[in-house]
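Here are the chains, one letter per residue:
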Amino acid sequence: MPDCLEESDMDRKGKETSPNQERDSSKEKSPTSDAMDVRGDAAAGGGSRQRYNSEGGASNDDGSDQGKRRKIAQGFTIPGIAASPPKFVSLEEIMTAANGMNNMVLAHEIAVDQDFKLKNIEPPNDSIHRQVKDTIHKAFWDVLESELNEDPPNYSQAMVLLEDVKQNLISLLLPQHTKIKEEIHEALDAALIRQQVERRVLDFQYYAQYVITVMGKLCAPVRDEKIKELTEIQGVVPMFRGILETLDLMKLDMANFTIDYFRPNIIAKSVEYEKQKFAEFLKIQTDGLQYTRRWLVEHVMNFRKNGEVFNVEDANAIRSLTTNVLGEAYLELLDWNNRNPYPETLVMDQGRFTELGRRCLRLHITGSVLLVTASTVQPLYGIAAFKEKLKEHIKVLMEDNYTNEDLENNLPNITEQVVKEVREGLERYEMKPLETSVEKMLRGQIMEIAREDHKIRHLVRMRVKEFLLQTVTSSTAAPLRIPLGLSSLQTELTSITGQFLRLVSHNRAVFGEYYTDIITQAVLPK
């Protein structure tokens, strides 16, 4: 178990219940909905819910010399050659900081992603890695089968296999399961099995059935079908092969259960943990906030250009300025220019902000298409069922849209779908058929949405931006009103806002002191 979990392991005191033992309590929890209260999900330290989907932080590749000098080390951007004199650090310092960053990334993932799960990573079928893995596995099982088929049977490989199975079973137990542990040690006693081998009375099939029985008691209900399949396998070698594959799944279940069980503790401690690890990183880095400073100072300058007057003597004014600057700065992450280096304090969430930006683009287009359709066929658009069906179909067509270029290529398909839906809707609700002139106008208006300066698209974008900005800068937890014209997209908008707020809240809790210092220094008289 990773280091970040080991600290919490000290608190369990033998009271926890594993999904592999307590079958009645192992029902899967339904994911928390983001649609109702975008603030509530972020309340606990900013930590719910990306698939890191492994939406990992991606590096920026701008092709410049500066961009080429930058390296990504353990989730943090390390700037290129600095103008200041070099700072020398020991190998031990570097390794210590590197290990700390690894643990920090894991703690961060668990804290901000409520769907975070460990997964088996299988190499692609046509890869060298897959070929090597399959070859090695096949060789092992071929040797086992060959030895068991000898006369008399050779159990050398089988003894290694039984010991491996035994250790896997024990690894699934919790500290308080001493009785089960003793039973496994007694049943799979290596000395006893060797004696049976020497006397040629070893029943390998018996041990296979015993192991399957124990697995059936330990596994989560989701693996019951797999256990049943094991009992139906013919042949000792295929059966043990299935046993090892199932044990790997059960170990993964146990690891993910442990993460879920200790998630509240991890979330509660992750802010201080990340602060500590980032401070260790800064000690060995000449300027670990170079790009963060540039990112924030640019937004301070934007406020200056807009005529903002900074009263550096007023703490409340500085606090308000910091909130507003950070709000605008975080919104920039949803539409980040990849030619610019990403702020060091946000690299771990770069992939998440990028994906949220793509979801915002799809939301802008879907909302724009719905509003254009509403203005063209007003009577039909008053029917909730029609709006919902049209929205869902547009969302499906928009799934693979990541850029405006993708949108331009896809808009003809969206246009055809909208016209089809309108025709069918008018017929279903016994309304006047779509006139040729109206259809032509509708097609033209939808195709024009490809322009980024399209009035309705710009309107939707600004309303979404204002809603997001209000969410992350408001000092109260009062419910927010869905922007006018976007009520049909409430579920999608609140889902995006909830995740955005969680990321912002957690990031600001960890790095807020650095941000305040940078912004304060930027407004002080030179």
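Let us look at the structure shown here. (Residues numbered from 1 in each chain as written. Predicted model: local features only at pLDDT ≥ 70, side-chain atom pairs only at ≥ 80, totals over all residues. Heavy atoms only, no water.)

To continue, consider the packing of aromatic side chains. Under the defined criterion, the tally for this structure stands at 15 aromatic pairs. With 5.1 Å between their ring centres and 65° between their planes, Trp-336 and Tyr-342 make a pair best called edge-to-face. Per residue, the accessibility class of Trp-336 equals that of Tyr-342, and both read buried. Ring centres of Phe-511 and Tyr-515 lie 6.4 Å apart, and the angle between their planes is 45°; this geometry places the pair in the tilted category. Taken as a pair, Phe-511 and Tyr-515 lie in helix α19 (residues 490–523) at a separation of four residues, close to a single helical turn. Ring pairs connect the aromatic residues Phe-278, Phe-281, Trp-295, Tyr-330, Phe-511, Tyr-514 and Tyr-515, which therefore count as one cluster. (Phe/Tyr/Trp six-rings, centres within 6.5 Å; stacked < 30°, edge-to-face > 60°. Buried < 20%, exposed > 50% of the residue type's maximum accessible area, 1.4 Å probe, protein only. Helix = DSSP H or I, 4+ residues; strand = E, 2+ residues; numbered from the N terminus.)

Once that is clear, we can look at the nonpolar core. Core analysis: the biggest nonpolar cluster contains 78 residues, and Trp-295, Tyr-330, Val-418, Val-422 and Phe-500 have the highest contact counts within it. Residue contributions to this core peak at 13 residues, all from α19. Excluding residues that lie within four positions of it along the chain, Tyr-330 makes contacts with Trp-295, Leu-346, Phe-500, Val-504, Asn-507, Arg-508 and Tyr-515. By size, the runner-up hydrophobic cluster in this structure holds 39 residues, among which are Leu-161, Leu-173, Leu-188 and Tyr-207. (Core = buried A, V, L, I, M, F, W, Y, C linked by side-chain atoms within 4.5 Å. Contact = heavy atoms within 4.5 Å.)

Glancing now at the pattern of salt bridges. What the rule picks out here adds up to 27 salt bridges. A salt bridge links Asp-134 to Arg-130; the shortest N-O distance between them is 3.4 Å. Of this pair, Asp-134 and Arg-130 both sit in helix α4 (residues 128–148), four residues apart, which is roughly one turn of that helix. Using a relative accessible area of 39% as the deciding quantity, one classes Asp-134 as partly exposed. (Salt bridge = Lys/Arg side-chain N within 4 Å of Asp/Glu carboxyl O.)

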